[in-house]
Structure formats: C-alpha cells, structure tokens
Amino acid sequence: MPETSVIWIDADGTPHTLSSDAEGVTILYGRSGLFMAPPLPIEDVVPLQDGGKLRSITYGPRIINLPLLLRAASQTTLRTLKRDIMGWFAPDRGDGILRVTAPGGDQREIVCRLVDGLGIEQTATSRGYLSQKLVLGLKSWDPHWRAVNATQISYQLAASTATFFPWFPIRLTNSTIFSEFSVDNTGDVKTWPSWVIVGPGDDPVLRNVTMGKLIDLTGYSLAVGETVVIDTSPGVKSVVDQDGVNIFSSLSNTSSLWPLERDSNALSIELSNAVAAVSEIQLTYRLRYFSV
C-alpha cells in the first residue's frame, strides 16, 4: 500500500482502520476517485453559431471506489465482519470521513457516504472459504479533500503594549482592534473560514481586501461574555449569537460571507470599544486540496 494508513471515521465518530490485518480488512489495488474531482463546465448555446460558450467551471461530486478484501479465521467470524462493516458505512446514519495518511506523514480527509458496494456479490472470483472481496462506492458532495487539523488565529487587544496576539502588525485607536494582515491559502482551492467575535465591542467588520468583500455588522454591539459566530461554509452560511439565535439580518446589505481565495489574501478586522485581554476575534479555516 502506498499510504501509511486509511481510516474510516463513521457517523458516530468511531475510527475503523481499513488497512489492518488485525481487523481483517485490507485495501486492494484498483482504487479510483482519489485525485481530482470531475470538472463541471457550465456553458451556453450561442444561437446561429457552432459549438458553445464557456461560462465557468466548477467541480462536481466525486465517487471514490475502494476495493476491500475481508479475511477471517472462520466463516462465522467472516459473516460477523461483513455485518459490522455494513454498520460502519450505513449511509442513513449520516456522513463519515475517509482519512488518508501519506508516506510523509501528512494527512488529508474527505466527507462522504456509502452509495454502493455492500450488497456484496458472492461469486467464484469474489468469495473464498474464509474471504470476501467487495468494492465500496463512497460519494462526496463536497468534492475536495481537506486538512485534518484546522488553522486558528486569534486577535486580541493587548493589555499594555500596542501589539496583537499572536504576531500580526496592528494599529490601535480609541480601544479599537484594527489589524491589517495577510493569510496565505496554500491549498489547491478556496476555503471557507469561520469567525468568532468575543465581546465586549461594537461594529465588527471583517474585510477581504483582495476580493473587495466584507462582513459588516456595523450597529451591532456585544457585551462582556457575548459572542457572534460566523460560518461561511456552503450549505451552512450562518451568523448566530452565543445562544444560537440567528442574527443574519444584522449584516449590512453590502455584506457577503466570503471565502479565502487560493494564494495570498489581504484581510483587515475592526472591533470598536474593545477591552484589553477580553475582547477577541478568532479566525479558523482548513486548507482544501484536489487530491490525497
């Protein structure tokens, strides 16, 4: 196997090693769908003209096919193993995570669900006395791999000196957190960050200067202990307070829940009437990749 390990984390969060003789499961060669997701061109037909016009290209959902070999010391144990695997991958229980560790030690994972393979064909070539071959079909609607560990950066007004934590250059004006800095997205595609704003403070504004976009909560105030959580992820797109109440309507009409584009992003953050060592803005994101 080229990978150090391949692990399936089921919908309950339980990990299962798919490349371990100890569990009686081995991944075979013949895998597919582990690299770039299928490009999905969006095009228009041009009247009275041959061909068409490309509007844009996105990436469609991907199918990952994993051939497995199951082995056991008895037919009873083999039957139990097959039943267990059906429970690991049961798609009605929710999304699971396929996690791959490369030979260099770096890890990537993808969120997916079973769509085929556990009907299990029992033919002369797929089934032995104490073994069973099968091919799992896993579908990922978000087609890109992601880093296992998120990157988190915190910005806080220092107690006595004009510096930010952890290291970015800042300007301080009348108890205002104001920072201009750069975040380098070293992944292959854009990534969607989340933000946590911790009060006290007023009029938070988060800008992606590179894109010319902003998240503007001008007019919104946070008391001590109050928070705003902003999740820009596709399919989520939420702005909630510390009680989970939807405050999306507090965004200005010019706001958009922007991503971090690939390569360098010039950002700025603002929070008026901040309190040293209490008020804070946290940025969290995961790098995303074409392949394992």
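This structure is a prediction, so every number in the text was calculated from the model and none was measured.

1. Remarks on the nonpolar core
Consideration 1: Membership of the largest hydrophobic core comes to 55 residues, with the highest contact counts inside it found for Leu18, Phe89, Leu98, Leu138, Trp195, Val228 and Ile230.
Consideration 2: Looking at which element gives the most residues to this core, the answer is helix H1 (residues 75-89), with 5 residues.
Consideration 3: If we skip the residues at most four places from it in the chain, Leu98 touches Val6, Ile7, Trp8, Leu18, Ile64, Leu66, Arg108, Glu109, Ile110, Cys112, Leu138 and Trp145.

2. Notes on the pattern of salt bridges
Consideration 1: A full pass over the atoms with the stated rule returns 8 salt bridges.
Consideration 2: Residue Glu109 is joined to Arg99 by a salt bridge in which the shortest nitrogen-to-oxygen separation is 2.8 Å. Here Glu109 is found in strand S8 (residues 107-116), whereas its partner Arg99 is found in strand S7 (residues 96-101), with 10 residues between them in sequence.
Consideration 3: On the basis of relative accessible area, Arg99 is assigned to the partly exposed category, the value being 22%.
Consideration 4: Taking the shortest distance from any N to any O, the salt bridge between Glu261 and Lys190 comes out at 4.0 Å. With Glu261 in the loop between strand S19 (238-241) and strand S20 (263-272) and Lys190 in the loop between strand S13 (177-185) and strand S14 (194-198), this pair connects stretches of sequence that are 71 residues apart.

3. With respect to a nonpolar patch on the surface
Consideration 1: Taken together, Ile63, Val115 and Trp141 make up a surface patch of nonpolar side chains, about 300 Å² in accessible area.
Consideration 2: Within the fold, Trp141 resides in the loop between strand S9 (131-140) and strand S10 (145-147).
Consideration 3: By relative accessible area, which is 52% here, Trp141 ends up exposed.

Rules used throughout
Residues numbered from 1 in each chain as written. Predicted model: local features only at pLDDT ≥ 70, side-chain atom pairs only at ≥ 80, totals over all residues. Heavy atoms only, no water. Core = buried A, V, L, I, M, F, W, Y, C linked by side-chain atoms within 4.5 Å. Buried < 20%, exposed > 50% of the residue type's maximum accessible area, 1.4 Å probe, protein only. Helix = DSSP H or I, 4+ residues; strand = E, 2+ residues; numbered from the N terminus. Contact = heavy atoms within 4.5 Å. Salt bridge = Lys/Arg side-chain N within 4 Å of Asp/Glu carboxyl O. Patch = residues over 30% accessible without salt bridge, like charges linked within 9 Å, V, L, I, M, F, W, Y side chains within 5 Å. Areas by Shrake-Rupley, 256 points an atom, 1.4 Å probe, with all protein chains shown as cover.

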